[in-house]
Amino acid sequence: MRYDSAATKKRLLDAALDEFAERGLAGARVDRIAERASANKQAIYAYFGSKEGLFRSVLDERCQIAFDAVPFDPSDLPAFVAGVFDHLVENPKSVRMMMWRQLELPDEAQHDVATAKVQELAEAYDLGATPKPCAEDLFVLLLGLSMSWFSFAPSQPVAKGSAAEQRLHAFRRSLVTAVDAVVKAMATKKR
């Protein structure tokens, strides 16, 4: 039977997503990841260099999946934020990975795709690369708003079934309104 390195790498990434989302970088164990992936733990080091390298690879993969799933149109930022929110609702492990990243790698550089989107914002609006206000600040605010439900959801009343769906949809409408207000306050479209 021929060894399929791409399949092994994919199994490791999937298993690592489960482990890191549940336990974070510090609490995750390569033994558990390898066991979940039906792989030798040495494969983790061969493909990713270290447990932290694997964590970064999972973060990159999750970020790329999210940005691929949600169209980015600088002229319709409320739709972008609502799309990111919807994606995160459907992918709670991605939310947890982003929260672990903030806790365990707070100085991590921005993902290349995010950098490109910041540049698109700077080109579409009268925003510079330096403060008062800047495109990077706007992008951070947009992503922060899309994550806000997940940061404070435990303080929300627990709802079940259709009540939970209604509450989520109401929040989504509020999110779109807030993004529209932020964009109007910070940015003027270039003519």
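Predicted model only: the values in this text are computed from it and were never measured. (Residues numbered from 1 in each chain as written. Predicted model: local features only at pLDDT ≥ 70, side-chain atom pairs only at ≥ 80, totals over all residues. Heavy atoms only, no water.)

Q: So what exactly am I meant to see when it comes to the overall build of the chain here?
A: Each helix and strand counted, the chain has 9 helices and 0 strands in total. Along its sequence from the N terminus, the chain presents helices and strands in the succession α-α-α-α-α-α-α-α-α. Within the chain, the proportion of its 191 residues that are buried is 38%. Taking contacts inside the chain between residues at least 6 apart in sequence as the whole, the part at least 24 apart equals 67%. Just so you have it, the chain exposes about 11,000 Å², and 54% of that area is on carbon and sulfur atoms. (Helix = DSSP H or I, 4+ residues; strand = E, 2+ residues; numbered from the N terminus. Buried < 20%, exposed > 50% of the residue type's maximum accessible area, 1.4 Å probe, protein only. Contact = heavy atoms within 4.5 Å. Areas by Shrake-Rupley, 256 points an atom, 1.4 Å probe, with all protein chains shown as cover.)

Q: How do you make sense of the packing of aromatic side chains when you look at a structure like this?
A: The description of two aromatic rings rests on the distance between their centres and on the angle between their planes. In the structure shown here, the tally under the stated rule is 9 aromatic pairs. With 6.3 Å between their ring centres and 80° between their planes, F72 and F139 make a pair best called edge-to-face. A residue pair is termed long-range when its members are at least 10 positions apart, and F72 in the loop between helix 4 (51–69) and helix 5 (77–90) and F139 in helix 8 (residues 135–152) qualify at 67 residues. For the pair shown, F72 and F139 are each scored as buried. With a centroid separation of 5.7 Å and 40° between ring planes, the pair formed by F85 and F150 is classed as tilted. One end of the pair, F85, is in helix 5; the other, F150, is in helix 8, and 65 residues separate them in sequence. Under the relative-accessibility criterion, F150 is labelled buried at 18%. Taken together, F67, F72, F80 and F139 form an aromatic cluster joined through their ring pairs. (Phe/Tyr/Trp six-rings, centres within 6.5 Å; stacked < 30°, edge-to-face > 60°.)

Q: I'm lost on the confidence of the model for the chain in this one. Help?
A: Regions with low pLDDT should not have their predicted coordinates read in detail. In the predicted model, the chain carries a mean pLDDT of 87, and 88% of its residues have values of at least 70. Looking over the chain, one finds the lowest element-wise mean pLDDT in helix 7 (residues 112–124), namely 86, and the highest in helix 2 (residues 30–36), namely 97. (pLDDT = per-residue confidence, 0-100.)

Q: Please explain the packing of helix 6 (residues 92–104) against helix 8 as it appears in this structure.
A: The description of two helices packed together rests on the angle between their axes and the distance between the axes. Between helix 6 and helix 8, the least distance of the axes is 11 Å, while the angle of their chain directions is 90°. Classified by the angle between their axes, helix 6 and helix 8 sit roughly perpendicular to one another. Where helix 6 approaches helix 8, its residues V95, M98 and M99 are matched on the opposing element by M147, F150 and S151. Grouping the amino acids of the contact of helix 6 with helix 8 by side-chain chemistry returns 5 nonpolar, 1 polar and no charged. (Axes fitted to C-alpha atoms, helices over the stretch in contact; angles between N-to-C directions. Parallel < 35°, antiparallel > 145°, perpendicular 65-115°, else oblique. Nonpolar A, V, L, I, M, F, W, Y, C, P; charged D, E, K, R; others polar.)

Q: In this structure, what is going on with the pattern of salt bridges? I would like to understand it.
A: Between side chains of opposite charge, pairing is possible as soon as their charged atoms come close. One pass over the structure, following the stated rule, counts 12 salt bridges. In this structure, E19 engages R32 in a salt bridge whose closest nitrogen and oxygen atoms are separated by 2.7 Å. Pair noted here: E19 is in helix 1 (residues 5–27) and R32 is in helix 2, with a separation of 13 residues, a long-range link. Note on E19: relative accessible area 0%, which makes it buried. K41 serves as the salt-bridge partner of D31, at 3.2 Å between the closest nitrogen and oxygen. Here D31 is found in helix 2, whereas its partner K41 is found in helix 3 (residues 41–48), with 10 residues between them in sequence. Of the residues examined, D31 reaches a relative accessible area of 46% and is grouped as partly exposed. Within the structure, one salt-bridge network assembled from shared partners comprises E19, E22, R23, R32 and R36. (Salt bridge = Lys/Arg side-chain N within 4 Å of Asp/Glu carboxyl O.)

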